[in-house]
Amino acid sequence: MKITDHIAQSGGKTLFSFELLPPTKGKSIHSIYDAIDPLMEFKPPFIDVTYHREDYIYKQHESGLLEKISYRKRPGTVAICAAIMNKYKVDAVPHLICGGFTKEETENALIDLQFLGIDNVLVLRGDARQADTNFIPTAGGHNYASDLLQQVVNMNQGKYLHEDHEAFKTDFCIGVAGYPEKHFEAPNLKSDFKFLKKKVDKGANFIVTQMFYDNQKYIEFVKKCREHEIHVPIIPGLKPITSSKQLVSLPKIFHIDIPEELSEAIQACKSEAEVKEVGIEHMIAQCQELIKLGAPVLHFYTMSNPNPTKRIAAALF
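Residues numbered from 1 in each chain as written. Predicted model: local features only at pLDDT ≥ 70, side-chain atom pairs only at ≥ 80, totals over all residues. Heavy atoms only, no water.

Chemist: Mind showing me how you'd approach the pairing of strand 2 (residues 46–49) here?
Modeler: In summary, the side chains of a regular strand alternate between the two faces of the sheet. Neither face of strand 2 is exposed, since F46 and D48 on one face and I47 and V49 on the opposite face are all buried. Summarising the sheet, strand 1 (residues 15–20) and strand 2 pair through three bridges and their orientation is parallel. Bridge pairing in strand 2 places E19 opposite D48. Traced from strand 1 through helix 2 (residues 30–36) to strand 2, the parallel crossover comes out right-handed. Across four bridges, strand 2 lies against strand 5 (residues 91–97) in parallel orientation. (Buried < 20%, exposed > 50% of the residue type's maximum accessible area, 1.4 Å probe, protein only. Helix = DSSP H or I, 4+ residues; strand = E, 2+ residues; numbered from the N terminus. Pairing = 2+ DSSP bridges. Right-handed = clockwise from strand over helix to strand, strands pointing away.)

See the structure below:
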C-alpha cells in the first residue's frame, strides 16, 4: 500500500514508522530482524531501508603504488525490503540515491522493486563519500534528487530510458526529503522551498523531514510549505539524543541546531546513562506535542538500534 493511502486511511491518527540501516558486510539478515522485532508491537505500516553509495579504500602494492578500489560497505537494500515484506507483512520503503548509481542501474532497481510489489520509494541525492569534500555525481548517473525523481515519474508514465512501455507503467508513491532548518547547501530558506516545490510539482507524493529538536521548526516548515502551495503529507523525522558526543556530531553531520535548554540539560548530566534518559524524555515530550499538532506519522531514525525508539513509542502508543 502507498504511504499516502496509509495516512488517508488512518482516520487522522498519528502513525508510527522507522528507518534502519542495512547491516555492514558480513552480517546476516538476522541482524535486521533483531532491529525490527522489538518495534513491531507498535504496528508500523511501513519501514524505511537506507541505501548507501560506494566508498573507496586504498591498497598498497609492493611497488609502493596505491590502488584505489571501490567497495560497498552496506549491501542489500532491495533484498532487505523483500525480506521485511515477506516476514512482517508491512510495506518497505527503499531509499533511492543519486551517488553510486547510473541511470541504467536505477532503472533496473526500479524494475526489481515493482516486480517485488514494493509501492513506495524515497528519492534522495545521497551524501558525499567519506573521502570527498563535496558530493561528486557518478558518471552516467544523476546530479540532483529532482532528476532522480523525474526518472521515477517517467517510469510511472511508462517512459523508460531507451523506449516507452505504455503497458508496463510503474506506480510508485514517491517521497522526498525536507529540511526544517534548511539544506546546508541552499543559500537561504526561500531557495530551499523553491526546490522543494519543484519536486512536488514534478510528482513527489510526500515529504520526510530531517531530524529536528525544536517543534517550532517543524511548525514553521509546514506553514511555509502550505504558503508555497505544497500540500502533500509532511512526516517529521525524529531521533533521540542518546550520548553526549551527539551534541557535537549531530549538528556537524546533519547541520541542525540543538535547543539551548536541551544542550544544557545534557551537559549537566553526570553519566552517559543520564544523558540517554534526558534525550529520551525530551523526545517523548516532543512527540506528544507533534501528535497534538496532527503530524501524520512519527518517523524514527533508529540507526538499527531499536531500544531508545521502543521506549519512546511505548510512552506514546
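So, next bit.
Chemist: What exactly am I supposed to notice about the packing of helix 9 (residues 260–267) against helix 10 (residues 272–293) here?
Modeler: What describes two packed helices is the angle between their axes and the distance between those same axes. At a closest axis distance of 9 Å, the pairing of helix 9 and helix 10 adopts a crossing angle of 155°. The angle between helix 9 and helix 10 falls in the class roughly antiparallel. Judged by the twist between their axes, the crossing of helix 9 over helix 10 is right-handed. Contacts between helix 9 and helix 10 pair L262, A265 and I266 from the former with V275, V278 and H282 from the latter. Of the residues contributing to the contact of helix 9 with helix 10, the split by class is five nonpolar, one polar and no charged. (Axes fitted to C-alpha atoms, helices over the stretch in contact; angles between N-to-C directions. Parallel < 35°, antiparallel > 145°, perpendicular 65-115°, else oblique. Left-handed = near helix turned anticlockwise from the far one by under 90°. Contact = heavy atoms within 4.5 Å. Nonpolar A, V, L, I, M, F, W, Y, C, P; charged D, E, K, R; others polar.)

Chemist: Whenever I open this one, the sheet that holds strand 11 (residues 297–301) confuses me. Can you help?
Modeler: By way of backbone hydrogen bonds, the strands of a sheet pair with one another, either parallel or antiparallel. Taken in spatial order, the nine strands make up an open sheet running 9-8-7-6-5-2-1-11-10, and their pairing is parallel. Edge strands, defined here as strands with exactly one partner in the open sheet, are strand 9 (234–235) and strand 10 (237–238). Strand contacts of helix 3 (residues 77–88): strand 2 and strand 5, with the helix running at about 170° to strand 5, the strand carrying the most contacts.

Chemist: Hey, could you run me through the nonpolar core in this one?
Modeler: Side chains of a nonpolar character, in soluble globular proteins, are inclined to be buried together. In terms of nonpolar packing, the biggest core is built from 89 residues, with I84, V121, I207, Y213 and F300 touching the most fellow members. Counting residues per element, this core draws most heavily on helix 3, at seven residues. Apart from residues no more than four positions distant in its own chain, F300 is found in contact with F16, S17, F18, E19, L238, M283, C287, T309 and I312. (Core = buried A, V, L, I, M, F, W, Y, C linked by side-chain atoms within 4.5 Å.)

Chemist: What is the right way to look at the pattern of salt bridges in this model?
Modeler: Side-chain pairs of opposite charge can arise whenever the charged atoms involved come near each other. Taken as a whole and judged by the stated rule, the model has nine salt bridges. For K2, the salt bridge identified is with D171, shortest N-O distance 2.9 Å. Placement of the pair is K2 in the segment before helix 1 (3–8) and D171 in the loop between helix 5 (145–156) and strand 7 (173–178), with a sequence separation of 169 residues. Residue K310 is joined to E41 by a salt bridge in which the shortest nitrogen-to-oxygen separation is 3.6 Å. Of this pair, K310 sits in helix 11 (residues 306–316) while E41 sits in the loop between helix 2 and strand 2, and the two are 269 residues apart along the sequence. (Salt bridge = Lys/Arg side-chain N within 4 Å of Asp/Glu carboxyl O.)

Chemist: Which parts of the structure should I look at to understand the packing of helix 10 against helix 11?
Modeler: Packing of helix 10 against helix 11 brings their axes to within 10 Å, and their N-to-C directions diverge by 40°. In terms of axis orientation, helix 10 runs oblique to helix 11. Between helix 10 and helix 11 the crossing geometry is right-handed. Here helix 10 contributes E277, I280, M283, I284, C287, Q288 and I291 to the contact with helix 11, which in turn contributes P308, R311, I312, A315 and L316. Of the residues belonging to the contact of helix 10 with helix 11, the class tally is nine nonpolar, one polar and two charged.

Chemist: Whenever I open this one, the environment of G12 confuses me. Can you help?
Modeler: Here G12 is to be found in the loop between helix 1 and strand 1. Along the backbone, G12 and K270 are 258 residues apart, and their C-alpha atoms lie at a distance of 41 Å.

Chemist: I tried to follow empty space enclosed by the protein on my own but got confused; where do I start?
Modeler: Per the counting criterion, the structure on display carries one cavity of 30 Å³ or more. Contributing to the lining of the largest cavity are Y51, L96, I97, F101, E105, T106 and A109. For the lining of the largest cavity, the elements supplying multiple residues, two or more each, are strand 5 and helix 4 (103–115). Among the elements that take part in the lining of the largest cavity, helix 4 stands out by supplying three residues, more than any other. Looking at the lining of the largest cavity residue by residue, the class counts come to five nonpolar, one polar and one charged. (1 Å grid on protein atoms, 1.4 Å probe; cavity = no way out; pocket = protein on both sides within 12 Å on 5 of 7 lines; lining within 4 Å. Points joined across faces, edges and corners; volume = space filled by probe spheres on them.)

The values reported here are purely geometric and, on their own, carry no functional implication.
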